[in-house]
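Per-entry structural report
Residue-level listing of the chains:
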Amino acid sequence: KSKDSIAEQVNYKIIGIEPGAGIMKATAKALEDYDNLADWKLVESSSAAMASELQKAYEKKEPIIITGWTPHWKFAKFDLKYLEDPKGIYGEEETIETFVRQGLKDDEPSAYTVLDQFYWTPDDMAAVMVEIQEGADPAEAASKWIEENSDKVAEWTKGADEVDGEKIKLTYVAWDSEIASTNVVGKVLESIGYKVELIQLEAGPMFAAVAQGDADGMVAGWLPLTHADYLDEYGDKLEGLGANLEGAKTGLVVPAYVEADSIEDL
Ligand SMILES: C[SH](C)CC(=O)O
């Protein structure tokens, strides 16, 4: 009996995350543009469900294809690789950018200063993500990281006056990377006196909430490609504060034992 193809072994399925995520739009485009993916389906699920599917397949050394991104704890936990993307659907390096509502600089200059100066590395983010993945509560993992990285945090709060309990609302999507970054920024804002509320939404509503002023800011803008559509739709109502992390990436990811190197090998 001929060895089943990878496609047959995974039932022509790519395991995705939440609908509305940019990587899901990119993968829908990949299914159209790569002729060999004509019969494939993209499974909408959630970041958490995708991670547990990956864990199950990996334990059984079975093939699986997921919508993956860096930074992410999965690369520390599993031996994974990105499939080459000759059509460039997933772009090159991505930057995660910070956006705030218009008017925040006048209303809350200290919060604005912290959000403007927030910048860290994929390793910093991964350290918090791994703690959370190993069971720590996100707020506790954030507090622990802040204690251990007070020098970096001091750069973010430089020039920001203490406040007395003013409210700040940050919105985010339940991607492991953004759970980490938003909890860290929230804790830093609390350290200078803010009462911080973290609001979890899907990607589109996250942009909309900041654009409409229902939230003060977010640190989850994946650009130039992943969230390009959202920036087109809401960009003129947001204030962009630039990169908070560089060297991010998205694409189709498989365990290293899967005998495919490119999307075209599927
Ligand atoms: C953290 S995910 C790559 C972001 C997205 O796909 O919208």
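Here the structure is shown first, and the text comes after it.
Just so you know, these numbers come straight off a predicted model, no measurement behind them.

**Things to note about unusual backbone geometry**
Residue proline 71 is bonded to the preceding threonine 70 through a cis peptide linkage, with omega at 5°. Inspection of the secondary structure assignment puts proline 71 in the loop between β3 (66–70) and α4 (74–77). The amide bond that connects leucine 223 to the next residue, proline 224, takes the cis arrangement and shows omega of 15°. Assignment of secondary structure puts proline 224 in the loop between β8 (217–223) and α12 (228–234). The phi torsion at tyrosine 12 lies on the positive side, around 55°, for a residue other than glycine. For tyrosine 12, the location among the structural elements is in the loop between α1 (6–9) and β1 (13–15). The backbone of lysine 61 shows a phi angle near 50°, a positive value even though the residue is not glycine. Relative to the elements of secondary structure, lysine 61 occurs in the loop between α3 (47–59) and β3.

**Regarding the pattern of salt bridges**
The full count for this structure, using the stated rule, is eleven salt bridges. One salt bridge in this structure joins lysine 152 and aspartate 124, with 2.5 Å as the shortest N-O distance. Placement of lysine 152 in helix α9 (residues 150–157) and of aspartate 124 in helix α7 (residues 122–133) is noted, with a sequence separation of 28 residues between them. A residue is classified by how much of its surface remains accessible, and aspartate 124, at 11% relative accessible area, is buried.

**A few points about α9**
Note that an α-helix has 3.6 residues per turn; residues three or four places apart therefore point the same way. Taken together, the buried positions of α9 are Val153, Trp156 and Thr157. Projected down its long axis, α9 carries its buried residues within an arc of 90°, all on one side. Along α9, exposed side chains directed more than 90 degrees from the buried face belong to Asp151 and Glu155. In this fold, the buried residues of α9 make contact with α6 (109–117), α8 (138–148) and α10 (176–191). Downstream of α9 by one or two residues, glycine 159 has phi in the positive range, about 85°.

**Some points on α8**
The set of residues buried in α8 consists of Ala141, Ala142, Trp145 and Ile146. Buried residues of α8 fall within an arc of 135° about the axis and therefore sit on the same side. Exposed side of α8, more than 90 degrees from the buried face: Glu140, Glu147 and Glu148 are the residues found there. Tucked inside the fold, the buried residues of α8 contact α7, α9 and α10. Measuring from the side-chain oxygen of the N-cap residue of α8 to the backbone nitrogen of alanine 139 gives 3.0 Å; that N-cap residue is aspartate 137.

**Focus: the pairing of strand β9 (residues 238–255)**
As paired elements, β3 and β9 share five bridges and run antiparallel to each other. Bridged to isoleucine 66 within β9 is valine 253. Relative to β9, strand β4 (residues 80–82) is paired through three bridges, and the arrangement is antiparallel. Opposite tyrosine 82, over in β9, you have valine 253 as the bridge partner.

Thresholds applied
- Residues numbered from 1 in each chain as written.
- Predicted model: local features only at pLDDT ≥ 70, side-chain atom pairs only at ≥ 80, totals over all residues.
- Heavy atoms only, no water.
- Helix = DSSP H or I, 4+ residues; strand = E, 2+ residues; numbered from the N terminus.
- Salt bridge = Lys/Arg side-chain N within 4 Å of Asp/Glu carboxyl O.
- Buried < 20%, exposed > 50% of the residue type's maximum accessible area, 1.4 Å probe, protein only.
- Arc of directions from axis to C-beta.
- Contact = heavy atoms within 4.5 Å.
- Polar contact = N/O pair within 3.5 Å; in protein donor to acceptor, adjacent residues only side chain to side chain.
- Pairing = 2+ DSSP bridges.

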